[in-house]
Amino acid sequence: MSPRRHFLSPIVLAVVIVLAAAHSSAAQQLTLTPYKASGTYGVGEKVGWSANLSPGSAPTGVYTYTIKKNNQDVIKTGNLDLATGHATIEVTLDEPAMVYVQISTPGGSGPGSTGSIAVGAAVAPEKLLPSVPRPADFDRFWDSKIRMLKTIPENTVLTSSDSGQPDVDYATIRMDHINGTHVYGQLAKPRHDGKLPALVIFQWASPPYPLQKNWVTDRAAEGWLTLNIEPHDVLPDQPPTYYSLLPQELKNYQLIGQDDRDKCIWLTTVPSIT
């Protein structure tokens, strides 16, 4: 196993464990329990979940499911027959892959809706391989970008404001980044001197949105020096209108520079090369 594949395995398994855990929806009174609590299966092994309605409840409509391999290729669809209050979802794969299941309940059908439930599993994740060959100059390219980043002084600017919590200091932070861009975030610390354990939170991407102050102040109240990084080159603490009026191009950030690796958005989207 290459070092890179070995490094990725704990991350993959952590995601699988979260998705594989028994999932319940109070609104729909449906509980899904994986056949294996770990969420990991072998090639050719049956991957599955038991779906159960709460005792005394009855299905209020049709429950459908879609199973995707690597969240791309649809490999199975069907309905859950919950007339008896119990049903199963099963699939078998003959190759290493991630398994993603989207269940549409009578309350809705879209991902993220109150009527949508997602569960997942992994088939031989330690044997997953890159989907495309590694570019010959991969290391050389990224090493050059890291060297470029290290030549740029941070020029850190902290702007303090009320933390909203006793004994916690709070500030927004701005640092210089490559290509004239900036890194923004928020910082909170317990209001006492001495060494502190540190926690860095790299925010998920998606179109730009404000950082919530309690994401760092709650951790600081527990004793952590906490830094939370905004993924885009935008201010982290503005009202909703600021983010709604940002250029449409930034809201579709994943398309920026997609055909030019030297202009690609991932060069400046934190934590791409931090």
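One can find the structure itself at the top, above this paragraph.
A quick note: this is a predicted structure, and the numbers were derived from the prediction, not measured.

1. Quick look at the pattern of salt bridges
Inspection of the entire model under this criterion finds 8 salt bridges. Between Asp-262 and Lys-145 there is a salt bridge, with the nearest N and O atoms lying 2.8 Å from each other. Pair noted here: Asp-262 is in the segment after helix H5 (248-251) and Lys-145 is in helix H2 (residues 138-150), with a separation of 117 residues, a long-range link. Judged by relative accessible area, Lys-145 falls into the buried class, the value being 11%. The salt bridge partner of Asp-169 is Arg-191, with a shortest N-O separation of 2.8 Å. Taken as a pair, Asp-169 in strand S11 (residues 168-176) and Arg-191 in the loop between strand S12 (182-190) and strand S13 (198-202) lie far apart in primary sequence, 22 residues in all. The class of Arg-191 is partly exposed, set by a relative accessible area of 47%.

2. Re H2
Between its terminal C-alpha atoms H2 stretches 19 Å, which fits the 18 Å expected from 13 residues at 1.5 Å a residue. Within the span of H2, buried status applies to Phe-141, Lys-145 and Leu-149. Mapping the buried residues of H2 onto a view down its axis gives an arc of 75°, with all of them on the same face. Turned more than 90 degrees away from the buried face of H2, the exposed residues are Arg-140, Arg-147 and Lys-150.

3. A word on the sheet that holds strand S8 (residues 97-104)
The 5 strands lie next to each other as S3-S9-S8-S5-S6, forming an open sheet whose pairing is mixed. At either end of the open sheet lies a strand with only one pairing partner, and these are strand S3 (40-41) and strand S6 (73-80). Of the pairings in the sheet, the one linking strand S5 (residues 63-69) to S6 comprises 7 bridges and is antiparallel in character. Each residue of the ladder has a partner; that of Lys-68, found in S6, is Val-74.

4. Quick notes on the sheet that holds S12
Reading across from one edge, S10-S11-S12-S14-S13 is the order of the 5 strands in this open sheet, with mixed pairing throughout. Edge strands, defined here as strands with exactly one partner in the open sheet, are strand S10 (157-161) and S13. Neighbour to neighbour, the strand axes of the sheet diverge by 20° on average, direction disregarded. Where S13 lies against strand S14 (residues 225-229), 5 bridges are found, and the strand directions are parallel. Looking at S14, one finds that Val-200 is bridged to Leu-227.

5. Comments concerning the packing of aromatic side chains
Tallied over the full model, the rule gives 5 aromatic pairs. Centroid distance Trp-204 to Tyr-209: 5.6 Å. Interplanar angle 25°. Geometry classified as stacked. Tyr-209 gets classed as buried once you look at its relative accessible area, which sits at 13%. Ring plane angle 85° and centroid distance 5.8 Å describe the contact between Tyr-253 and Trp-266, whose orientation is recorded as edge-to-face. Of this pair, Tyr-253 sits in the segment after H5 while Trp-266 sits in the segment after H5, and the two are 13 residues apart along the sequence. You can call Trp-266 partly exposed: its relative accessible area is 38%. Among the aromatic residues, ring-to-ring pairing joins Trp-204, Tyr-209 and Trp-215 into one connected group. A cation sits over an aromatic face here: Lys-213 above Tyr-170, 4.7 Å from the ring centre.

6. Some remarks on the nonpolar core
Formed by 25 residues in total, the largest nonpolar core has its most connected members in Leu-32, Trp-49, Leu-80, Ile-89, Val-99 and Val-101. Those elements giving two or more residues to this core turn out to be strand S2 (30-34), strand S4 (46-53), S5, strand S7 (86-92), S8 and strand S9 (116-123). Of all hydrophobic cores here, the second largest spans 8 residues; its members include Tyr-243, Leu-246, Leu-250 and Tyr-253.

Criteria and thresholds
- Residues numbered from 1 in each chain as written.
- Predicted model: local features only at pLDDT ≥ 70, side-chain atom pairs only at ≥ 80, totals over all residues.
- Heavy atoms only, no water.
- Salt bridge = Lys/Arg side-chain N within 4 Å of Asp/Glu carboxyl O.
- Helix = DSSP H or I, 4+ residues; strand = E, 2+ residues; numbered from the N terminus.
- Buried < 20%, exposed > 50% of the residue type's maximum accessible area, 1.4 Å probe, protein only.
- Expected span 1.5 Å × (residues − 1).
- Arc of directions from axis to C-beta.
- Pairing = 2+ DSSP bridges.
- Axes fitted to C-alpha atoms, helices over the stretch in contact; angles between N-to-C directions.
- Phe/Tyr/Trp six-rings, centres within 6.5 Å; stacked < 30°, edge-to-face > 60°.
- Lys NZ or Arg CZ within 6 Å of the ring centre and 35° of its normal.
- Core = buried A, V, L, I, M, F, W, Y, C linked by side-chain atoms within 4.5 Å.

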